[in-house]
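# Examining the three-dimensional arrangement
So the chains spell out like this:
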Amino acid sequence: MSIAAADYIAGLAKGLAVLEAFDTERQRLNATLAAQRTGLTRAAARRHLLTLAHLGYLESDQGYYWLSPKVLRLAGSYLASARLPRLVQPVLDRLAARTRASFSVAVLEGEAVVVVARSVPALGTVDPADDTSLGAPAWRPASRWLAHGLHLGARLPAHATSTGRVLLAALPAEAFEQWLRARTEACGALPRLTPYTVTQPAALRRIIARVRADDHCLCSEEHELGVHALAVPLRDTRGTVVAALNAVASSPRRAAVETLRTLLPLLHEAALELRPLL
């Protein structure tokens, strides 16, 4: 959304930039690090850190700052008021109850996808590995259902995830090229996260073209070793892709890929069920 220059509040934008500078790589920042991460001067970064701490969004030991639980109010307000998480949650819960996989819905935001809803099987869930019908009463204990960092609000790299590739495939061709150029012009390649991550722009273009044709994406161990995911687009009644739905499995590659492929009809079925609601 574009606005007139007179309506733009630079101070608010800078304060939000400081909050966004905290992530898994840098959980604690001082004024110097915050300045480096936001492009602000050190003096400006210090004032924003002090103000955010005064408002309760940051905690501090007088040298370094870190996010306080109050930041969750922002995410909580979104989850409580946004339509998308509320609409998809019952479907995710039902899918998780029928299978051994965990499920999530994500949207594209800049270079990353953001998880806005997710569900995992409860203790004692039916294990489809014991019966391809997905209906036998074969119970198993809870295990590592979620990939590392796959929680509500998590930001995952779009180029290396199934949901990210589905959402990139939904972009107009020129918009995708702009996205790709913006993330490769500095070093000519995308970030490598595992030995399997596709980093070359030409290779990602071929993958995105295939995702457009297949209307789904299988991504195996490109974001995290041992984690495999299958995603399909979620479209509204006009056919516009608004989010991506995926299933995640964390087991040996061959078994996980075979399991996920059996879940593809369920994902497409869920996408059709949600379409009139989005």
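For the structure itself, consult the block above.
Residues numbered from 1 in each chain as written. Predicted model: local features only at pLDDT ≥ 70, side-chain atom pairs only at ≥ 80, totals over all residues. Heavy atoms only, no water.

## Section: the packing of aromatic side chains
Inspection of every chain in the model, using the stated rule, returns zero aromatic pairs. If you follow Arg 28 out to its NZ or CZ, it ends over the ring of Trp 66, 3.9 Å from the centre. When the ring centre of Tyr 57 is taken as origin, the NZ or CZ atom of Lys 70, which lies over that ring, is 4.8 Å away. (Phe/Tyr/Trp six-rings, centres within 6.5 Å; stacked < 30°, edge-to-face > 60°. Lys NZ or Arg CZ within 6 Å of the ring centre and 35° of its normal.)

## As for helix α9 (residues 253-274)
Between its first and last C-alpha, α9 extends 30 Å over 22 residues, near the 32 Å set by a 1.5 Å rise per residue. Considered for burial, the residues of α9 that qualify are Ala 256, Val 257, Thr 259, Leu 260, Leu 263, Leu 264, Leu 266, Leu 267, Ala 270, Ala 271 and Leu 274. Close packing links the buried residues of α9 with α5 (83-98), β3 (102-109), β6 (217-220), β7 (228-235) and β8 (241-249). (Helix = DSSP H or I, 4+ residues; strand = E, 2+ residues; numbered from the N terminus. Expected span 1.5 Å × (residues − 1). Buried < 20%, exposed > 50% of the residue type's maximum accessible area, 1.4 Å probe, protein only. Contact = heavy atoms within 4.5 Å.)

## Structural notes on unusual backbone geometry
Here Gln 62, not a glycine, exhibits a phi torsion of approximately 80 degrees, which is positive. Along the chain, Gln 62 falls in the loop between β1 (58-60) and β2 (65-67). Overall, the relative accessible area of 75% leaves Gln 62 in the exposed class. Phi is positive for Asp 215, which is not a glycine, with a value near 65 degrees. For Asp 215, the location among the structural elements is in the loop between α8 (201-214) and β6.

## Notes on the pattern of salt bridges
Under the definition given, this model contains eight salt bridges. Glu 177 serves as the salt-bridge partner of Arg 205, at 2.9 Å between the closest nitrogen and oxygen. Taken together, the positions of Arg 205 in helix α8 and Glu 177 in helix α7 (residues 173-184) put the pair 28 residues apart, joining distant regions of the chain. (Salt bridge = Lys/Arg side-chain N within 4 Å of Asp/Glu carboxyl O.)

## A closer look at the side chain of His 228
Relative to the assigned elements, His 228 resides in strand β7. Take His 228: its relative accessible area is 0%, and that puts it in the buried class. At a separation of 2.6 Å, a polar atom in the side chain of His 228 contacts the side chain of Ser 220. Apart from the residues within four sequence positions on either side, His 228 is in contact with Cys 219, Ser 220, Glu 221, Ala 247, Val 248, Ala 249, Ser 251, Pro 252, Arg 253, Ala 256 and Leu 260. (Polar contact = N/O pair within 3.5 Å; in protein donor to acceptor, adjacent residues only side chain to side chain.)

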